[in-house]
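Descriptive structure summary
The chain contents come next:
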Amino acid sequence: MADKLPTEFDVVIIGTGLPESILAAACSRSGQRVLHVDSRSYYGGNWASFSFTGLLSWLKDYQQNHDSEEDTTTSWQDLIHETEVAIALCKKDETIQHTEVFCYASQDVGDSTQETDALQRSPSPKASATLADSLDSSGLPKEGYTADFSSHEAPSRHTERSDTEPAPSLADTENSLEKEKDGGDETCIQTVSDGDKDEDKLDIEDSTEQPKRNRITYPQMIKESRRFNIDLVSKLLYSQGSLIDLLIKSNVSRYAEFKNVTRILAFREGKVEQVPCSRADVFNSKELTMVEKRMLMKFLTFCLDYEQHSDEYQDFKQCSFSEYLKTKKLTPNLQHFILHSIAMTSESSCTTLDGLKATKTFLQCLGRFGNTPFIFPLYGQGEIPQCFCRMCAVFGGIYCLRHKVQCLVVDKDSGRCKGIIDHLGQRISASYFIVEDSYLSKETCSDVQYKQISRAVLITDQSILKTDSDHQISILVVPPLKPGSGSVRVMELCSSTMTCMKDSYLVHLTCVSSKTAREDLEPVVKQLFIPLAEAETDEEELRKPRLLWALYFNMRDSSGVSRSSYCGLPSNVYICSGPDCGLGNEHAVKQAETLFQEIFPSEEFCPPPPNPEDIIFEGEG
């Protein structure tokens, strides 16, 4: 990072979350001079992904209070002129709260029944240093330990993915990639199939015996830290969603690879079942009777064009979707599947129209990239903001991480923001300023009422629904376990997504907060998983995946906050929210496009890249 930056830009963007990164790419692509800064040491903000030791460092940074670091910054009060007023920005990120960590895996280096990977790499010096810094003097936590981190200092280190990380081979890439032409250029979203992999063959030894589980220890997770890419926010991409359309249109899709979500699951009467998605799945399902199959196909056919049959639901617009389903003579089994696994909505808060719309969206997204409506980016959701940042840099955007902005400088006469002052005391001028919500001070947000998201990240040793294939990506919505609680979304990722080590699974749980994350999510965790120590003594629970490590935290949801809720914002300062609780990324894309059109109404939002043959360089005739 250069100590001195250029002093004039068209747009200054503070924060590298998904909406800010999309805006940076759109502004740079339209010819604007863009400065994109972040006080953190990594891209993505609360949309970021971490290695395992990187996540431990992130947790430690929230635990520690770096007040001494604030003394090293240049005082900005003396840099404000008499005709100006300053709006101070927040010094610490307070969007994460109630962070709790539990480790159930053994800390004994030699305590494993099988080698987890014949090609294990030695831990890098950086990973070892991170571990030594973040754990106690013994180097390993006590089995079943819990740590509670409650302070909110912004993270300062993110372990990058290793350059030696195995990339998906060409043989793994599906032949049926979705290709679209836009402006003469052929673009595609790459999805990696569940394909035939050599490691599948190694797992098949004797089908007559109960398969032995590999015993994964905590030292192995540390050693394989860079195999993990753990998302702070759990989301999927709808195959016909606005983010996919934007990736294809702008050709940003060339910077990322994706994998199909292979199955939709349902939790009913204490059991996990697979939900049929396609017509073939419906009629091959053993969970549904023939009558139920016909009833389901009839209802789904109606949902595809429900707008044309308003008389069917006109009298139920004010009712919940669950009440409407009961009037359609659907069996309780079908009502459960439609509500929780297709519409993926809440029983109480979802209206009939919202449920019908969600069901139609689900059905329209089927078949584009696979047998489910969703795809997942390899190496985690944190790759997507970085892809748009790369596009911004290609068109001339300047990036500075670990670069703090102390205040916005506002002209008293015009009331417009004219510049920023960074931690080095440098004044940078611009016409427009885009700020991520977490950078705003308590004074600016004094009238804002935030919602909260409860999150859990688990590492387990097997899938919640065991099948012949170990390469399943699953999405499951667990209905409320008791009155007054909300449904919980569960996403399970296998090692072929490049988000966890071999023979392990990475599980994300998400719901709207009513209490702390642990209080909201632990009942569902106990239903689906069993801690490793308990699994050894309870033979009846052997069918459940063993829980090796768990993290709970609450994340601020600023997606529903209107601009008018913030105090004293100049007209040329625009606010981007953090992640919302929804499954898709539609809110972030819509917000970025809306703000861009408000700032540059005559410009196209993320147009297709120019054809290289049509580019004329200065000096050419």
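The following refers to the structure shown. (Residues numbered from 1 in each chain as written. Predicted model: local features only at pLDDT ≥ 70, side-chain atom pairs only at ≥ 80, totals over all residues. Heavy atoms only, no water.)

Focus: helix 1 (residues 18-29)
The terminal C-alpha atoms of helix 1, which comprises 12 residues, lie 16 Å apart, in line with the 16 Å expected from a rise of 1.5 Å per residue. With 12 of its 12 residues buried, helix 1 lies for the most part within the structure. One or two positions beyond helix 1, positive phi appears at G31, with a value near 95°. (Helix = DSSP H or I, 4+ residues; strand = E, 2+ residues; numbered from the N terminus. Expected span 1.5 Å × (residues − 1). Buried < 20%, exposed > 50% of the residue type's maximum accessible area, 1.4 Å probe, protein only.)

Here we look at the environment of S565
Topologically, S565 is positioned in the loop between strand 26 (546-557) and strand 27 (573-576). Separated by 117 residues in sequence, S565 and V448 have C-alpha atoms that sit 5.6 Å apart. With residues near it in sequence (within four places) discarded, S565 still touches T444, D447 and V448. (Contact = heavy atoms within 4.5 Å.)

Here we look at the sheet that holds strand 1 (residues 11-14)
Read across the open sheet, the five strands follow the order 16-2-1-20-27; overall the sheet is parallel. In this open sheet, the two edge strands, each paired with only one partner strand, are strand 16 (398-400) and strand 27. Between one strand and the next, the sheet's axes are offset by a mean angle of 15°, whatever the strand orientation. Direction of pairing for strand 1 relative to strand 20 (residues 432-436): parallel, over a ladder of four bridges. Considered in strand 20, the bridge of V11 is made with Y432. Contacts from helix 1 reach strand 1, strand 2 (34-37), strand 16, strand 20 and strand 27 within the one sheet, and its direction differs from that of strand 2 by about 160°. Against the sheet, helix 13 (residues 383-394) touches strand 2 and strand 16, its axis set at about 130° to strand 16. (Pairing = 2+ DSSP bridges. Axes fitted to C-alpha atoms, helices over the stretch in contact; angles between N-to-C directions.)

A closer look at the packing of aromatic side chains
Taken as a whole and judged by the stated rule, the model has 19 aromatic pairs. The interplanar angle of 65° and the centroid separation of 5.7 Å between the aromatic rings of Y306 and Y313 together place this pair among those described as edge-to-face. For the residue pair Y306 and Y313, the accessibility class agrees, reading buried in each case. Through successive ring pairs, a cluster of aromatic residues spans Y42, F50, W58, Y62 and F553. (Phe/Tyr/Trp six-rings, centres within 6.5 Å; stacked < 30°, edge-to-face > 60°.)

Remarks on the layout of surface pockets
Put simply, the second largest pocket is a space of about 1400 Å³. As for the second largest pocket, its lining consists of 38 residues, and the residues nearest its centre are M344, T345, C581, G582 and L583. Every element with two or more residues in the lining of the second largest pocket is listed here: helix 12 (352-364), strand 21 (451-460), strand 23 (488-493), strand 24 (505-512) and helix 16 (586-599). In terms of residue count, the dominant contributor to the lining of the second largest pocket is helix 12 (five residues). For the lining of the second largest pocket, the residue count by class is 13 nonpolar, 17 polar and eight charged. (1 Å grid on protein atoms, 1.4 Å probe; cavity = no way out; pocket = protein on both sides within 12 Å on 5 of 7 lines; lining within 4 Å. Points joined across faces, edges and corners; volume = space filled by probe spheres on them. Nonpolar A, V, L, I, M, F, W, Y, C, P; charged D, E, K, R; others polar.)

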